[in-house]
Amino acid sequence: MSDPNDDANRFDILKMDYEMARDDERTFSNIQAAVASIAVALLAVIATIVSDTCQLSDAEDCKRVPDFFLAASPSVPLAALAFLQLLGAVSSIRSYYIRALERELRGYARRPLTELHSVSPIRPASYFELITEVTTMRRGRSGYRVLSFLVLSVTFLVFAGFTVYIAVKLDGYYTLSMLLLYGAAFAFLASEVAGATLGARTTFVRVAQQFQTRSAQPLLADAAGGTNTGRGIVSYLVFPRPEDWSKLLFVPLVFLAASASRGTPFDWTMLLTSMVIAEYLVYSARYQWNDIRGVAADAAHPQARARLRLPYSGDRGRLRFIVGWSLGVAFARVLTAIVLGYVTGEITFTLIFLTAVFAVAALYELLRTSSQAPSTTSRGRSRLAKAIWLTVGTGYALRFLVGVYAAGVPLGDPLVYAGAVFSYAFGIMFVLLTWVLEATSYCRASAGGVWYPGRELAGKANLGILLRYVRGPVISAHPDPHPAAPSAVNCGEVKILASRGALFAPWNLALWASATAGAPLAVHLARTPTDPGTVWWVSAASVAGAFAMSAAGGTLSRVAVQLLTAAGIVLAGGLARIGGTDVLDYVLLLAPWMTTAGTYLMFRNQSYRDLKYFAADLLGNVRQLTIWLVKSVTGPDTWRAIR
């Protein structure tokens, strides 16, 4: 038998819940009516205002306003309609819940209402369910559904007509932008309205199932899982990979060098446009794709919080939300790049660059996925890893082409081809040095100094194979016999490249290729006629310096080699009378070598931890220096009083 006290408590809870839901429903109904009125009023007011503008009126006393404001005017009523839809979606969920409460409450009031008994035996707590027999889009009265559809259709048609009318009156790129942006927003809003009306039942079932799954978990169960990569989803979508900030310097440096070399005007607007399209839109979308494909592996990375990749969650629903938003924003970035290219007259450049970036990205992802396949043999995995190494330099060649394009250098200039080859070799060197340091972060060292690679490294052949060329630690080919023991050394904090290492390591081969390819680029930058003898002497100095740097056994030795090689290149340029006494020509002549050697030297003197925390450490050092300066100026007594 049921406990009467339990029944009484259940009735009190149901009654209180029902009262709260009904109060909430009345409040939302009032808000919906107010917002609907505001949306109609806004549409009427904006239509009246814009009709007096010169773009839409031939009257002599018309008002001239920027095209941008006219293009943005439909966004105001659109926002009101979107807010109205948000309220409607909540109302759909509340409707099912209130009806469920009424059915529960009717179990406590079995006798029908006396006044309605002659019509139908309707019991108390049936109001909301009775109303839905008229107002729902699935089973309501046909007249109500026709009128509701008429209201929705008229609203959407008026809004769409208003937007299209403005769009066709503006310039071509505004027309395209408005049709793309408002069309996408309109289609999305229409689908959401359909989901909250005709598809309300399906939506409620899905929401209820998600609630049931998550209600059994602690309230903050996935809090850590959503941020274990060191950031939230909004931060990631704004700037996907802040750790790659150094790559943002490549295009501006090429632009400056190419403009100075060819004497073209420094077109900063063109540089900014190219940077936004290439780096912030296209390459960020490409990074998002890469991060989506490797979201679980990135979350398991030992330096996940420093790498700041796509957030990860063990909860499927939240992970679906994260991946979905990243896909949507990546697609929006691509569309925005196309629109911006069209608006600025750079549509050809945008489409070619977009195609090239994602063609290389598709090849890279195919090679990487194939190398991780369980069926791939050890020899096949090694070959695929080397193919990946040869692929990664392409992105740097594309960035070089963006820089010279922004500088206005014609495609037929030898500088373009020499620079693309140099950048390709430089990019391979840059990435391989990064990857060999990253491979160390997957290792843990025993108390005896033996390095044991983690299991995650087995699926990253393009990283793991690089450890074969490292000299110094003993790297075991077997699993760690004591995985639970505390690590004596965090291998990612070891400057593994500081010592000499294998002479024919892949990154050294890339260094030699970069130095060799840098000689023709240096001569073309210095505005000297392509003299084979000059190129040969600069190449000889660069290659000899690169070989000596890779064979040197310490930082001071490498710095000395870098400077001596620079002196040799200057001497070679002086013998060829490059630029006469023009200092700029000698700066440009040295630029490829100093870039290659400086980057190589920087990596050889860093650990993976240093590499990933460079910006944070720099800010920390600046903060400490600032504190020291303030303390020195104010004095210790005042400092203690104000700190």
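Each chain has its residues counted from 1, following the order in which its sequence is written. Given that the model is predicted, a residue must reach a pLDDT of at least 70 before its local features are reported, and side-chain atom pairs must reach 80 or more before they are shown or counted; all residues, however, enter totals for whole chains, interfaces and linings. The side-chain numbers reported here are obtained from all heavy atoms of the structure, hydrogens and water having been left aside.

Some words on the overall build of the chain
Under the DSSP-based scheme used, a helix requires at least four consecutive residues in state H or I and a strand at least two consecutive residues in state E, with every element numbered from the N terminus. A tally of regular secondary structure across the chain gives 25 helices and four strands. When a residue's accessible area, from a 1.4 Å probe over protein chains only, is under 20% of the maximum for its type it is buried; when over 50% it is exposed; and in between it is partly exposed. Within the chain, the fraction of its 643 residues that count as buried is 42%. Residues count as neighbours in contact if any of their non-hydrogen atoms are within 4.5 Å of one another. Restricting the contact set of the chain to residue pairs at least 6 apart, pairs at least 24 apart contribute 75%. On the chain, roughly 33800 Å² of surface is accessible, and the fraction owed to carbon and sulfur atoms is 67%. In these tables, accessible area is a Shrake-Rupley quantity obtained with a 1.4 Å probe, and a residue counts as shielded only by the protein chains included in the view.

Here's the deal with the packing of aromatic side chains
To pair, rings of Phe, Tyr and Trp, with the six-membered ring standing in for Trp, must have centres within 6.5 Å; the planes then decide the type, stacked if under 30 degrees apart, edge-to-face if over 60, and tilted in the middle. Here the structure, examined in full by the defined rule, presents 22 aromatic pairs. On the numbers, 5.6 Å between centres and 85° between planes, the contact of Phe504 with Trp512 is edge-to-face. Taking the relative accessible area as the measure of exposure, Phe504 reaches 56% and is therefore exposed. Looking at Trp512, the relative accessible area reads 14%, which means it is buried.

A word on the nonpolar core
Only buried Ala, Val, Leu, Ile, Met, Phe, Trp, Tyr and Cys residues count toward a nonpolar core, and they belong to the same one when joined by side-chain atoms within 4.5 Å. One finds Phe353, Trp435, Leu437, Trp507, Val538 and Trp593 to be the most contacted residues of the largest nonpolar core, which totals 101 residues. For this core, the element with the most residues is helix H17 (residues 414–440), which contributes 15 residues. Each residue touching Val538, except ones within four places of it in the same chain, is listed here: Ala519, Ala522, Val523, Ile569, Ala572 and Leu589.

Thoughts on helix H22 (residues 583–604)
The end-to-end C-alpha distance of H22 is 30 Å, a good match for the 32 Å that 22 residues give at a rise of 1.5 Å each. Of all the bends found along H22, the most pronounced is centred on Ala591 and spans about 40°, while Pro592, a proline, follows it within four residues. What a helix is expected to span follows from its residue count: subtract one and scale by 1.5 Å. Values of bend correspond, residue by residue, to the angle between axes fitted over the seven residues ending at that residue and the seven starting there.

Digging into the pattern of salt bridges
Should a side-chain nitrogen of Lys or Arg be within 4 Å of a carboxyl oxygen of Asp or Glu, the pair is scored as a salt bridge. If you walk through the whole model with that rule in mind, you get 12 salt bridges. With its nearest N and O atoms 2.9 Å apart, the salt bridge here joins Lys15 to Glu19. With Lys15 and Glu19 both in helix H1 (residues 4–50) and four residues apart, this pair spans about one turn of that helix. Across the salt bridge formed by Arg94 and Asp24, the nearest N and O atoms sit 3.2 Å from each other. Here Arg94, found in helix H3 (residues 75–106), pairs with Asp24, found in helix H1; they are 70 residues apart in sequence, far enough to count as distant. Overall, Arg94 belongs to the buried group, its relative accessible area being 7%. Under the relative-accessibility criterion, Asp24 is labelled partly exposed at 33%. Linked through salt bridges whose partners overlap, the residues forming this network are Arg286, Arg293, Glu365 and Arg368.

Notes on the confidence of the model for the chain
Within a predicted model, pLDDT stands for the predictor's per-residue confidence, ranging from 0 to 100. Averaged over the chain, the pLDDT score is 81; the fraction of residues at 70 or greater is 90%. For the chain, strand E4 (residues 489–490) is the element with the lowest average pLDDT, namely 68, and helix H16 (residues 394–406) is the one with the highest, namely 93.

Focus: helix H9 (residues 250–262)
Between the first and last C-alpha of H9 there are 18 Å, a value that for 13 residues agrees with the 18 Å anticipated at 1.5 Å per step. Along H9, the positions that sit buried rather than exposed are Phe250, Val251, Val254, Phe255, Ala257, Ala258, Ser259, Ala260 and Ser261. Looking at the buried side of H9, the elements it contacts are helix H10 (268–293), H16, H17, helix H19 (506–525) and H22. Looking one or two residues past H9, Gly263 carries a phi angle of roughly 70°, positive in sign.

Concerning the pairing of strand E2 (residues 450–453)
Note that strand E1 (residues 443–445) and E2 share three bridges and pair antiparallel. When the sheet's bridge partners are listed, Ala445 is paired in E2 with Trp451. The criterion for strand pairing is that DSSP finds at least two bridges linking the strands in question. Pairing geometry for E2 and strand E3 (residues 474–475), over two bridges, is parallel. By the bridge assignment, Val450 is partnered in E3 with Val474.

What to know about the packing of H17 against H19
Two numbers describe a pair of packed helices, the interaxial angle and the distance between the axes. Inter-axis angles, ranging from 0 to 180 degrees, are taken between N-to-C directions of lines fitted to C-alpha atoms, where helices are fitted over the stretch in contact. In the contact formed by H17 and H19, the axes pass within 8 Å of each other and the chain directions differ by 155°. Taken together, the axes of H17 and H19 are roughly antiparallel relative to one another. Between H17 and H19 lies a crossing whose hand is left-handed. Classification convention: Asp, Glu, Lys, Arg as charged; Ala, Val, Leu, Ile, Met, Phe, Trp, Tyr, Cys, Pro as nonpolar; all other residues, Gly among them, as polar. Residues belonging to the contact of H17 with H19 are distributed by class as follows: 21 nonpolar, four polar and no charged. In what follows, roughly perpendicular refers to angles from 65 to 115 degrees, roughly parallel to angles under 35, roughly antiparallel to angles over 145, and oblique to any angle outside these ranges. By definition, turning the near helix anticlockwise from the far helix through less than a right angle yields a left-handed crossing, and turning it clockwise yields a right-handed one.

Section: a nonpolar patch on the surface
On the surface, Trp245, Leu249, Leu253, Leu256, Phe266 and Trp268 cluster together into a nonpolar patch covering about 610 Å² of accessible area. Residue placement: Leu253 occurs in helix H9. Patches were defined on residues exceeding 30% relative accessible area and lacking a salt bridge, with like-charge contacts within 9 Å and nonpolar side-chain contacts (Val, Leu, Ile, Met, Phe, Trp, Tyr) within 5 Å.

Observations concerning the environment of Ile465
With respect to the helices and strands, the residue Ile465 is situated in the loop between helix H18 (461–464) and E3. In this structure the C-alpha to C-alpha distance between Ile465 and Lys386, which are 79 residues apart in sequence, comes to 9.2 Å. Excluding its chain neighbours within four sequence positions, the residues that come into contact with Ile465 are Arg381, Ser382, Ala385 and Trp389.

Concerning the environment of Thr376
As for its position among the elements, Thr376 is in the loop between helix H14 (347–372) and helix H15 (378–392). Its relative accessible area of 17% is what places Thr376 among the buried residues. Between N or O atoms, a polar contact is any pair within 3.5 Å; within protein, one atom must be a potential hydrogen donor and the other a potential acceptor, and residues adjacent in sequence are included only when both atoms are from side chains. Among the polar contacts listed, one links the side chain of Thr376 to the backbone oxygen of Ser370, at a separation of 2.7 Å.

Observations regarding the side chain of Glu25
With respect to the secondary-structure elements, Glu25 resides in helix H1. Within the local environment of Glu25, its side chain forms a polar contact with the side chain of Arg94, the two groups lying 2.7 Å apart. Dropping the residues within four chain positions of it, Glu25 is found in contact with Arg94, Ile98 and Phe128.

With respect to a positive patch on the surface
On the surface, a cluster of positive charge is contributed by Arg379, Arg383, Lys386 and Arg468. Mapped onto the fold, Arg468 is located in the loop between H18 and E3. For Arg468, a relative accessible area of 54% puts it in the exposed group. In summary, the charge assignment counts Lys and Arg as positive and Asp and Glu as negative, without counting His or the chain termini. All charge positions are set by atom: Lys at NZ, Arg at CZ, Asp at CG, Glu at CD.

Examining the environment of Arg10
Here Arg10 shows up in helix H1. The spatial distance from the C-alpha of Arg10 to the C-alpha of Leu105 is 9.7 Å, given a sequence separation of 95 residues. If sequence neighbours within four positions are ignored, Arg10 has contacts with Glu104 and Tyr108.

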